[in-house]
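What follows is each chain in one-letter form.
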Amino acid sequence: MIPLAAPPVDAAAVSAALTETRVEVTSEFHGARIVLYGAVFTPDGKPADVVVVVRGPEQPVRLVRKIRVAGVWLNSRPVVFEGAPGFYMAASSKPLSSVAGFGVLRRAGIGVDHLRIEAPEEARTVTWYGVRDVVVSRLGADYLDWRRAVIRLKEKSGLYKVDPKGVQYVDQGLFKAEVDLPTEAPIGRYEAEVWLFRDGRPVSSKTRSLTVEKVGAERAVYEFAHERSWLYGFACVAIALLSGWAASIFFRRS
Amino acid sequence: MDLYLPIAEVSVNAPLLVALGAFVGFISGVFGIGGGFLMAPVLVFMGVPPAMAVASQANHVVASSTSSVIAYSRQRSVDWRMGGVMAAGGVIGAFLGVEVFRLLRLLGQADLVVALSYLIFLGVIGGLMLVESLQAVVRRRRGQAAPRRKVRHPKWLYGLPWRMRFPRSRLYISILPPLALGIFAGVLSAIMGVGGGFILVPAMVYLLRMRASVVVGTSLFQIIVTTAVTTVLQAGRNQTVDILLSVLLMVGGVLGAQLGARASNRFRPDSLRAVLALIVLLVGLQMGIGLFVPPPDPFAFAPGTGQ
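Scoring rules and cut-offs
- Residues numbered from 1 in each chain as written.
- Chains lettered and ligands numbered in written order.
- Predicted model: local features only at pLDDT ≥ 70, side-chain atom pairs only at ≥ 80, totals over all residues.
- Helix = DSSP H or I, 4+ residues; strand = E, 2+ residues; numbered from the N terminus.
- Expected span 1.5 Å × (residues − 1).
- Buried ≥ 20, exposed ≤ 12 C-beta atoms within 10 Å, placed from the backbone.
- Contact = placed C-beta atoms within 7 Å.
- Pairing = 2+ DSSP bridges.
- Core = buried A, V, L, I, M, F, W, Y, C linked by C-beta atoms within 7 Å.
- Domains from an automatic or database assignment.

Residue and element names in this part refer to chain B. Taking 1.5 Å as the rise per residue, helix 11 (residues 269-289) with 21 residues should run 30 Å; its terminal C-alpha atoms sit 30 Å apart, in good agreement. Three or more residues of helix 11 are buried, namely Arg273, Ala274, Leu276, Ala277, Val280, Val283, Gly284 and Met287. Residues of helix 11 that are buried sit in contact with helix 1 (14-31), helix 2 (36-45), helix 5 (110-142) and helix 8 (197-207).

The structure is reproduced here in structure tokens:
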């Protein structure tokens, strides 16, 4: 059936919430699982697709390539990549490619292929065939291999994940997505974006934030070590000397 | 029981770390070495980032060495004067080493230099010690007397200026060789995260010709000073010392070191050296082999800038 006139504004909307908005890193911290749940409102009853994107704080990374020189595997010069989130998850109810087109996903930054991971230090602008300010990378044709390696290595340590079955419908219009934070997940502020797509176009989105922070003794130690690092160093040595001395006293008596 | 390390930001099995500390502490107490060369590879295998492993274990070595130096000093087998000269060199070396290490990390070549150092130093020293100690064991089995050592000390050792008396070691030599030895050990301490005992002990026996009974205690004394300086420098410049990791290793380490120092005089010295040589050789080869095996992934993250 073809509708006579499409509504000027799509009335569909999505709403979502996280089971936890604060993850505490204590001595027992072993990663965390947070559930994002939400509801889809579609007044006309037509199907819609939900995509959940969770991004951690951005961290530049240094990447090296192993090269073989005279039978020995060496590291190449390190390349700094910027724009890589410390954690990234894209969950949907079906593969991203069938939710929306390439351009739409790229603009919204949905999917690991659309992350803006770049190596600005390697880039330079040149004039090619009379065209000015063409950006080329010193990494040359291998640039994509490097960029893909950043994603692959992050995926291997559980920090990046694309899950085409990550959004599950629990009831009519009611969905949930699980966010698994590994132990290596960086400390900081995370953003969870929930997108509602219809006919390949984003019609509604919501953003929820989440903080991962160290608390209690872990936080105190971390701050001491980073803010008064020299004093911390002396304290560490003092503890070591004392415990060595205490052990020898203890053993002399026993 | 898993514990989250606040600085290293990984979760590790606590009882396993205590056991590792005790094992390395025991070896350290028996042989007069810091044992760092053994611990770093195991920690990295357990998932601790290499920079954190190297710096935190240096702090553990401070504790276990203190514990065994006190035990040795009761037996009057520490030459404080010799140890002090070497420690002065160790401090200079540690400063140099931490700077060299920073530079290597910037160039992305730290892994290579660490692996090569392990392969070359541990391989050569382990190999030489193994040959020497096996010869001694074979001679003992056959009932032969040990060949007379050249009593004459090498000439270069006596031709150098600034001679000093070391009564406990029964030496009257220039301070330059022990100072140079200390500098060398200090550089290694920063780069390999070790105390340098596996270099110092043979060098003190074969180069300086010190009395064997004071070698181990003196080497441990110099190791305390060098690793303490390394710990402070690593904490201050690189923020790579995880105190929780150090404490877990220490708990086992100080106990192990005490037991080790007591057990050391129950073994025959030549078989003891053969065992140490074998351990040193194996660790060196294991670290070095990594250079020749094709990596599973052609790319890897280099430490620095975040993760």
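Further remarks concern the pairing of strand 1 (residues 13-18) of chain A. Residue and element names in this part refer to chain A. Along strand 1, the buried face is formed by Val14, Ala16 and Leu18; none of Ala13, Ser15 and Ala17, which line the opposite face, is buried. Two strands pair when backbone bridges link them, and strand 1 and strand 3 (residues 32-41) are joined in this way by 6 bridges, in the antiparallel orientation. Bridging from a neighbouring strand, alanine 17 pairs with tyrosine 37 of strand 3.

Moving on: the interface of chain B and chain A. When the parts come together, some accessible area is lost, and that loss is often what is quoted as the size of the interface. In this complex, chain B contributes 47 residues to the contact, which on the side of chain A involves 48 residues. Elements supplying a minimum of two residues to the side of chain B that touches chain A: strand 1 (2-4), helix 3 (50-74), helix 5, helix 9 (212-238), helix 10 (243-263) and strand 5 (299-302) of chain B. In this structure, strand 5 (residues 61-69) of chain A lies alongside strand 5 of chain B, joined through 4 bridges in antiparallel fashion. Paired with A:Arg62 across the strands is B:Ala302, a residue of strand 5 of chain B.

Here we take up the nonpolar core. Core analysis: the biggest nonpolar cluster contains 160 residues, and A:Val50, A:Val51, A:Val52 and A:Leu63 have the highest contact counts within it. No other element matches helix 9 of chain B, which puts 13 residues into this core. Here this core gathers at least three residues from each of two domains, domain 1 (13-115 + 142-214) and domain 2 (215-254) of chain A.

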